[in-house]
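Observations on chain architecture
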Amino acid sequence: MLSRTLRVLGSRAAANTSRVTAAAANLASSRGLSTTTRLGATAAEAVTNHNKPTGSTELEKNTMPIYLDAQATTPLDPRVLDAMMPYMTESYGNPHSRTHKYGWETEQAVDKAREQIASLIGAHPKEIIFTSGATEANNTAIKGVARFYKGKKNHIITAQTEHKCVLDSCRVLQEEGFEVTYLPVSKGGRISLDDLKEAMRPTTALVSIMTVNNEIGVVQDIAEIGRMCRERRIFFHTDAAQAAGKIPLDVNAMNIDLMSISGHKLYGPKGVGALYVRRRPRVRLEPIITGGGQERGLRSGTVPSPLVVGLGAAAELAAREFEYDYTHVTKLAQRLIDGIQSRVTHVVRNGDPAHMYPGCVNLSFSFVEGESLLMALKNVALSSGSACTSASLEPSYVLRALGAEDDMAHSSIRFGLGRFTTESEVDYVVDNVEAHVNRLREMSPLWEMFQEGIDLKTIQWSQH
Amino acid sequence: MSLLSDSIYYEKSSETLERLTESLEDIGDQMEIDDYDIEYSSGVLTLRLGIKGTYVINKQPPNKQIWLSSPVSGPERYDFDSEHGAWFCRQKDESLGTLLNREISDALGVEITLPVK
């Protein structure tokens with residue numbers, strides 16, 4: 001097993017960066033795969049095995065930037081890779097093959113993964129169906145529930161700050177004749193429960209509100225929303241892609257009927273996710289992918305056993321190391337925010353600080369354009385809410401929904417901290433942010449005018 | 001062998017099995033019985049009643065029939081009778097709905113009526 005893993009890692013290392021070589025070297029030099037990367041290894045052990053750039057100039061050319069984009073994706077935890085390996089190599093059976101051992105052993109692994117995910121969210125394993133990711137889970141939940149109840153209920157409620165796949169699913173349903181209410185959010189990013197109550201009708205089939213927002217990290221009052229929906233027998237779906245494994249979730253305590261989970265936000269593999277579908281009281285939905293009837297007929301297609309095993313392992317790790325991860329990320333976020341705010345003026349944190357997932361820090365730097373700051377911070381992998389960094393060239397609709405002025409949306413940077421982020425990386429980032437923000441501001445005519453006391457809002461910009 | 005057309009067979013058998021699934025699920029939810037499980041996929045409806053046994057009701061498209069496996073009365077095959085709009089087995093001249101109502105009511109100790117004739 002070890003030699004095969006090293007061969008795989010080795011060949012990738014030859015083609016790729018020094019990072020993988022170092023990881024492979026770590027694996028080899030340690031007492032073997034069994035002690036460093038088994039699921040039983042601690043998070044601290046996993047962190048030391050994960051190669052990091054030291055920041056010294058020699059290595060800087062060959063290493064990858066510091067990764068602070070945890071909301072976009074997270075690295076695969078080495079222990080998750082370890083759990084997946086047998087299913088990528090020797091145990092290649094189709095989990096739906098009933099007639100031989102290849103199928104049985106894979107089916108067993110898939111069942112175990114189901115249990116691991118169910119236990120992360122307080123559900124029953126029968127209530128978990130595997131999908132290709134949270135996008136598919138969102139599509140299935142929203143379109144599936146709406147279409148099933150179409151005759152009797154034709155109204156859906158969601159929020160303006162939801163992920164594009166949720167908003168787009170709702171838009172598609174509108175074209176099919178459904179009515180959709182898009183709830184606004186406060187400056188802090190949360191929906192108002194009074195607005196929600198007012199929007200609810202006897203014909204409302206579903207309420208879909210994400211648990212943790214991917215751009216600003218704000219956490220909605222899920223338990224209360226769930227309670228309100230249960231009272232009125234409206235199904236409650238939540239996109240928990242950024243929340244699962246990061247904040248405590250319990251589908252029963254929070255009255256959640258449907259929940260989307262994403263593998264690659266949880267230090268698991270890409271290409272896999274899960275949808276929780278409540279059985280008591282039963283949630284019915286029309287599947288969007290039909291065929292052989294796998295996953296209780298709700299999602300046909302061969303279940304990708306290696307990916308699913310990875311998702312299960314990632315879920316188990318997240319549950320086990322919840323305290324460690326949360327403390328780690330909170331400490332780093334505090335260090336980052338305090339560091340920046342003490343050394344740079346006119347920095348605004350987007351989102352309600354009282355209801356925030358600490359691992360997502362979205363800051364707006366006045367008088368500095370987001371993309372230019374991102375380019376300046378070339379050794380740090382970040383994301384921004386500015387238009388130029390999105391494929392559609394529109395500025396972040398989430399920040400606009402918060403009521404942020406266009407210029408603040410353009411100057412926002414999202415720092416995503418995770419299990420593998422280190423203090424020295426945060427310190428490096430703080431130093432660089434201070435240096436580059438000041439440098440960019442020196443160059444900015446707006447900053448100059450602001451310093452002179454001119455109110456920028458009074459300026460008449462001429463059209464060229 | 002029934003003279004039913006393929007599409008009518010598909011329609012009627014799907015309708016019957018889906019109705020059975022829905023009503024049995026509702027009964028399960030209301031009654032909260034231990035080890036009660038119902039699963040319908042790929043045309044096979046499996047109803048587990050814990051120690052009372054497991055019922056399997058499935059489509060059999062080549063014969064245009066519905067087949068039943070009952071822990072109480074054993075196997076049976078049903079053909080669709082368009083006149084009565086019900087699934088009948090020739091030997092016992094009894095409909096699927098009648099048998100299921102009787103046997104499941106017995107097993108649960110409660111009178112139930114399924115929306116299937």
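Since we're looking at a predicted model, the values are computed, not measured.

This part covers the sheet that holds strand E12 (residues 383-384) of chain A. All names here are of chain A. Here we have four strands laid out as an open sheet, ordered E9-E10-E13-E12, and antiparallel in their pairing. The open sheet has two edge strands, strand E9 (347-349) and E12, and neither has a second partner. Where E12 lies against strand E13 (residues 412-416), two bridges are found, and the strand directions are antiparallel. Bridging across to E13, Ser383 finds its partner in Arg414. Against the sheet, helix H13 (residues 322-343) touches E9, strand E10 (360-365) and E13, its axis set at about 10° to E10.

This part is about helix H9 (residues 164-175) of chain A. Residue and element names in this part refer to chain A. Between its first and last C-alpha atoms H9 spans 16 Å; for twelve residues at 1.5 Å apiece the expected length is 16 Å, and the two agree. Taken together, the buried positions of H9 are Cys165, Val166, Leu167, Ser169, Cys170 and Leu173. Contacts made by the buried residues of H9 are with helix H8 (134-148), strand E3 (155-159), strand E4 (179-183), strand E5 (204-208), strand E6 (235-239) and helix H15 (397-401). At the C-terminal side of H9, Gly177 shows a positive phi close to 110°.

Facing 13 residues of chain B, the contacting portion of chain A comprises nine residues. Buried area between chain B and chain A, summed over both chains or domains, comes out near 850 Å², and the portion from carbon and sulfur atoms is 29%. It is Glu25, Asp29 and Asp37 of chain B in chain B that bury the most area against chain A; as a group they hold 43% of the surface buried on that side. The interface formed by chain B and chain A includes five salt bridges.

Turning our eyes to something else, we now look at helix H1 (residues 6-31) of chain B. Helix length check: H1 of chain B, at 26 residues, gives a terminal C-alpha distance of 37 Å against a target of 38 Å (1.5 Å per residue), a fit within 8%. Of the residues trailing H1 of chain B, Glu32 of chain B is marked for its positive phi of about 50°.

On to the confidence of the model for chain B, then. Residues and elements named next belong to chain B. In the predicted model, chain B carries a mean pLDDT of 89, and 98% of its residues have values of at least 70. Taking the mean pLDDT of every element in chain B, the minimum, 86, falls on strand E1 (residues 36-41) and the maximum, 96, on strand E4 (residues 65-70). The ipTM, which scores confidence in the relative placement of chains, is 0.72 for this predicted complex, and the corresponding pTM is 0.84.

Angle between the axes and distance between the axes are the two parameters that describe a pair of packed helices. All names here are of chain A. Direction vectors running N to C along H13 and helix H17 (residues 423-443) enclose 20°, while the axes themselves pass 9 Å from each other. Taken as axis vectors, H13 and H17 run roughly parallel relative to one another. Note that H13 runs across H17; the crossing there is right-handed. Between H13, through Lys331, Leu332, Arg335, Leu336, Gly339, Ile340 and Arg343, and H17, the contact on the second element is made entirely by Glu423, Val426, Asp427, Val429, Val430, Asp431, Val433 and Glu434. By residue class, the composition of the contact of H13 with H17 is seven nonpolar, one polar and seven charged.

For the rest of this paragraph, the subject is the sheet that holds E3 of chain A. Residue and element names in this part refer to chain A. The mixed open sheet is built from seven strands, whose spatial order is E2-E8-E7-E6-E5-E3-E4. At either margin of the open sheet sits one strand with a lone partner, and together these are strand E2 (128-131) and E4. Neighbour to neighbour, the strand axes of the sheet diverge by 20° on average, direction disregarded. The pairing of E3 with E4 spans five bridges and is parallel. Residue pairing in the sheet places Ile156 in a bridge with Val180 of E4. Of the strands in this sheet, E5 and E6 touch helix H11 (residues 222-231), which is tilted by about 155° from E6.

Turning our attention to unusual backbone geometry. A cis amide bond links Arg280 of chain A with the next residue in sequence, Pro281 of chain A, at an omega value of -10°. Here Pro281 of chain A shows up in the loop between strand E8 (273-277) and helix H12 (305-320). Despite not being glycine, Arg296 of chain A shows a phi value in the positive range, around 60°. Structurally, Arg296 of chain A can be placed in the loop between E8 and H12. Phi is positive for Ser42 of chain B, close to 55°, though the residue is something other than glycine. Its location among the elements puts Ser42 of chain B in the loop between E1 and strand E2 (44-49).

A few words now on the nonpolar core. Counting residues in each nonpolar core, the largest one holds 65 residues, and the members touching the most others are Ile121, Phe130 and Val207 of chain A. Per-element tally for this core: the top contributor is H12 of chain A, with seven residues. Apart from the residues lying within four places of it in its own chain, the contact partners of Ile121 of chain A are Ile128, Leu249, Asp250, Val251, Met259, Ile261 and Tyr276 of chain A. If you look at the next biggest cluster of nonpolar residues, it comprises 28 residues, including Tyr9, Tyr40, Ile66 and Leu108 of chain B.

Turning next to the packing of aromatic side chains. All names here are of chain A. Tallied over the full model, the rule gives eleven aromatic pairs over all chains. With a centroid separation of 5.8 Å and an interplanar angle of 25°, the aromatic rings of Phe322 and Tyr326 are classed as stacked. Placement of the pair is Phe322 and Tyr326 together in helix H13, with a separation of four residues, close to one helical turn. Given the relative accessible area of 31%, Tyr326 is considered partly exposed. Taking the centre distance of 4.7 Å and the plane angle of 35° together, the rings of Phe367 and Phe450 count as tilted. Placement of the pair is Phe367 in the loop between E10 and helix H14 (370-376) and Phe450 in helix H18 (residues 445-451), with a sequence separation of 83 residues. Each residue in the set Phe148, Tyr149 and Phe235 is aromatic and connected to the rest through ring pairs, giving one cluster. Directly above the ring of Trp447 sits Arg441, whose terminal nitrogen or CZ lies 4.8 Å from the centroid.

Rules used throughout
Residues numbered from 1 in each chain as written. Chains lettered and ligands numbered in written order. Predicted model: local features only at pLDDT ≥ 70, side-chain atom pairs only at ≥ 80, totals over all residues. Heavy atoms only, no water. Pairing = 2+ DSSP bridges. Helix = DSSP H or I, 4+ residues; strand = E, 2+ residues; numbered from the N terminus. Contact = heavy atoms within 4.5 Å. Axes fitted to C-alpha atoms, helices over the stretch in contact; angles between N-to-C directions. Expected span 1.5 Å × (residues − 1). Buried < 20%, exposed > 50% of the residue type's maximum accessible area, 1.4 Å probe, protein only. Buried area = accessible area lost by both parts, 1.4 Å probe. Salt bridge = Lys/Arg side-chain N within 4 Å of Asp/Glu carboxyl O. pLDDT = per-residue confidence, 0-100. Parallel < 35°, antiparallel > 145°, perpendicular 65-115°, else oblique. Left-handed = near helix turned anticlockwise from the far one by under 90°. Nonpolar A, V, L, I, M, F, W, Y, C, P; charged D, E, K, R; others polar. Core = buried A, V, L, I, M, F, W, Y, C linked by side-chain atoms within 4.5 Å. Phe/Tyr/Trp six-rings, centres within 6.5 Å; stacked < 30°, edge-to-face > 60°. Lys NZ or Arg CZ within 6 Å of the ring centre and 35° of its normal.

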